[in-house]
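As a plain string of letters, each chain reads:
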Amino acid sequence: MADGTRRPLVAGNWKMNGLRRSVVEFAKIVAGSANLAGKADLMVCPPATLLTALAEAAKSSAVAIGGQDCHPESAGAFTGDIAAEMLADAGAVAVIVGHSERRTNHRETDADVRAKALAAWRASLLAIVCIGEAQVEREQGRTLDVLGRQLDGSVPDGATPANLVVAYEPVWAIGTGLTPSVRDVAQVHEFIRQRLAQRLGAAAGGIRILYGGSVKGSNARELMAAPNVDGALVGGASLKADEFLAIAGVYG
Ligand code: PEP
């Protein structure tokens, strides 16, 4: 559970899902967010094609909009890529970097993720840095080694509670319906907090650490209750307003 110093964040990652008609579903999230009464931050990260429309629909609500990835450079000959500045221009206040689907499908390294987080900061965006172990790494007992290396390599110097959120997303839990035990989640989140503290000192205490991987309405309460879990990064369940709001409702 987020302690009083950290305001929980529930962020939805729509991935490559959503057409213009999805604004209707998003409007339900905006309407339902009023029930949270400022107890948690709510964010949706749609595909880039919907950023402007969702930012428009979220106007004067408490729901924030984020991107799903950015290029390290601010402009140039990078066909198909999106600069952090473009995300900000479209209404985003945050961007996910280092999602395991990018690390795997696009072979992004920790150094790439770090460069993207720096780009996010350059554009005044909150960087949501994802880390997570693969199933084989877990089976070999290497989870904390892998996470420590990803964290050290992906988070730039100068991280603060205002510019960084870390999302722990075990790769084997994403989209599978599987989740680690609450005890495992608590152990990993404590490890992440300590590792951040070794590098950042007291600032680490204010940085939000989200859990992601098959979070849904039915398991959110127990997962979010674990120490050092300051909210959730939600994939599939964020596409349905009712389910997403049920997750956020843990904090209502
Ligand atoms: C994700 O991909 O960030 C994620 C958490 O997905 P899901 O909730 O569908 O497991």
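See above for the structure.
Enquirer: Tell me what's going on with the site of the ligand, and back it up with residues and numbers.
Expert: Of all residues adjacent to the ligand, which total 14 residues, the nearest are Lys-15, His-99, Glu-169, Gly-175 and Ser-214. Between the ligand and the protein, one listed contact pairs an oxygen atom with a side-chain N or O atom of Lys-15 at 2.5 Å. Side-chain polar atom of Glu-169 to an oxygen atom of the ligand: 2.8 Å apart, as the coordinates give it. Protein chains bury 95% of the 290 Å² of accessible surface belonging to the ligand in isolation.

Enquirer: Just give me the short version of the sheet that holds strand E8 (residues 231-234), but keep the residues and values in it.
Expert: Taking strand neighbours around the barrel as the criterion, the eight strands line up as E1-E2-E3-E4-E5-E6-E7-E8 in a closed arrangement whose pairing is parallel. Put simply, the sheet's adjacent strands are angled 25 degrees from each other on average, direction ignored. Summarising the sheet, strand E1 (residues 9-13) and E8 pair through four bridges and their orientation is parallel. Bridging from a neighbouring strand, Val-10 pairs with Ala-232 of E8. Of the strands in this sheet, strand E5 (126-131), strand E6 (164-168) and strand E7 (208-212) touch helix H8 (residues 182-200), which is tilted by about 150 degrees from E7.

Enquirer: Explain the environment of Ala-123 residue by residue, including any values.
Expert: Among the secondary structure elements, Ala-123 is positioned in the loop between helix H5 (110-122) and E5. On the basis of relative accessibility, which here comes to 12%, the residue Ala-123 falls in the buried class.

Enquirer: Help me get a handle on the packing of helix H7 (residues 143-154) against H8, residues and values and all.
Expert: Viewed as axis vectors pointing N to C, H7 and H8 meet at an angle of 40 degrees, and their least axial separation amounts to 11 Å. Of the possible angle classes, the one that applies to H7 and H8 is oblique. Considering how the two elements wind past one another, H7 and H8 form a crossing that is right-handed. Of H8, the residues touching H7 (which contributes Thr-143, Leu-144, Leu-147, Gly-148, Arg-149, Leu-151 and Asp-152) are Gln-187, Val-188, Phe-191, Ile-192, Arg-195, Leu-196 and Arg-199. When grouped by side-chain class, the residues that make up the contact of H7 with H8 number seven nonpolar, three polar and four charged.

Enquirer: Before we move on, could you go through the nonpolar core and cite the residues and values that matter?
Expert: Core analysis: the largest hydrophobic core is formed by 68 residues, its most contacted members being Phe-26, Ile-192 and Tyr-211. Non-local contacts of Phe-26, meaning those with residues more than four positions away in its chain, are made with Trp-14, Val-44, Leu-54, Ala-57, Ala-58, Val-63 and Ile-65. Core analysis: the second largest hydrophobic core is formed by 13 residues, Cys-45, Ile-96, Ile-128 and Ala-167 among them.

Enquirer: Can you lay out the packing of aromatic side chains for me, pointing to particular residues and giving the numbers?
Expert: All chains considered together, the criterion is met by two aromatic pairs. Between Trp-14 and Phe-26, the ring centres sit 6.5 Å apart and the planes meet at 80 degrees, which makes this aromatic pair edge-to-face. A residue pair is termed long-range when its members are at least 10 positions apart, and Trp-14 in the loop between E1 and helix H1 (22-33) and Phe-26 in helix H1 qualify at 12 residues. The exposure class assigned to Phe-26 is buried, which follows from its relative accessible area of 0%.

Enquirer: Give me unusual backbone geometry: which residues, what numbers.
Expert: For Ser-124, which is not glycine, the phi dihedral falls at a positive 60 degrees. Position of Ser-124 relative to the elements: it lies in the loop between H5 and E5. At Ser-214, a residue that is not glycine, the phi angle is positive and equals roughly 60 degrees. A residue is classified by how much of its surface remains accessible, and Ser-214, at 16% relative accessible area, is buried.

Enquirer: Please set out the pairing of strand E2 (residues 41-45) residue by residue, giving values where relevant.
Expert: Most of E2 sits inside the fold, with four of its five residues counted as buried. Examined bridge by bridge, E1 and E2 share five bridges and lie parallel to one another. What sits directly across from Leu-9, in E2, is Asp-41. Handedness of the β-α-β unit built from E1, H1 and E2 comes out right-handed. Relative to strand E3 (residues 63-67), E2 runs parallel, the two being bridged by three bridges.

Enquirer: How would you explain the packing of H1 against helix H10 (residues 241-248) if you had to name every residue and give the values?
Expert: H10 packs onto H1 with a crossing angle of 30 degrees between their chain directions and a minimal axis gap of 9 Å. As far as their axial angle goes, H10 and H1 are roughly parallel. For the pair H1 and H10, the sense of crossing is right-handed. Residues Glu-25, Lys-28, Ile-29, Gly-32 and Ser-33 of H1 lie in contact with H10, whose contacting residues are Ala-241, Phe-244 and Leu-245. Looking at the contact of H1 with H10 residue by residue, the class counts come to four nonpolar, two polar and two charged.

Enquirer: Could you give me a rundown of the pattern of salt bridges, with the residues and numbers involved?
Expert: This model, assessed by the stated rule, comprises 18 salt bridges. We note a salt bridge from Asp-230 to Arg-6, for which the minimum N-O separation is 2.9 Å. Of this pair, Asp-230 sits in the loop between helix H9 (220-224) and E8 while Arg-6 sits in the segment before E1, and the two are 224 residues apart along the sequence. For Arg-6, a relative accessible area of 7% gives the class buried. Across the salt bridge formed by Arg-193 and Asp-230, the nearest N and O atoms sit 2.9 Å from each other. With Arg-193 in helix H8 and Asp-230 in the loop between H9 and E8, this pair connects stretches of sequence that are 37 residues apart. In this pair, the class of Arg-193 matches that of Asp-230, namely buried. Among the charged side chains, a salt-bridge network with shared partners connects Asp-69, Arg-102, Glu-108 and Lys-116.

Parameters at a glance
- Residues numbered from 1 in each chain as written.
- Predicted model: local features only at pLDDT ≥ 70, side-chain atom pairs only at ≥ 80, totals over all residues.
- Heavy atoms only, no water.
- Near = heavy atom within 4 Å.
- Polar contact = N/O pair within 3.5 Å; in protein donor to acceptor, adjacent residues only side chain to side chain.
- Areas by Shrake-Rupley, 256 points an atom, 1.4 Å probe, with all protein chains shown as cover.
- Pairing = 2+ DSSP bridges.
- Helix = DSSP H or I, 4+ residues; strand = E, 2+ residues; numbered from the N terminus.
- Axes fitted to C-alpha atoms, helices over the stretch in contact; angles between N-to-C directions.
- Contact = heavy atoms within 4.5 Å.
- Buried < 20%, exposed > 50% of the residue type's maximum accessible area, 1.4 Å probe, protein only.
- Parallel < 35°, antiparallel > 145°, perpendicular 65-115°, else oblique.
- Left-handed = near helix turned anticlockwise from the far one by under 90°.
- Nonpolar A, V, L, I, M, F, W, Y, C, P; charged D, E, K, R; others polar.
- Core = buried A, V, L, I, M, F, W, Y, C linked by side-chain atoms within 4.5 Å.
- Phe/Tyr/Trp six-rings, centres within 6.5 Å; stacked < 30°, edge-to-face > 60°.
- Right-handed = clockwise from strand over helix to strand, strands pointing away.
- Salt bridge = Lys/Arg side-chain N within 4 Å of Asp/Glu carboxyl O.

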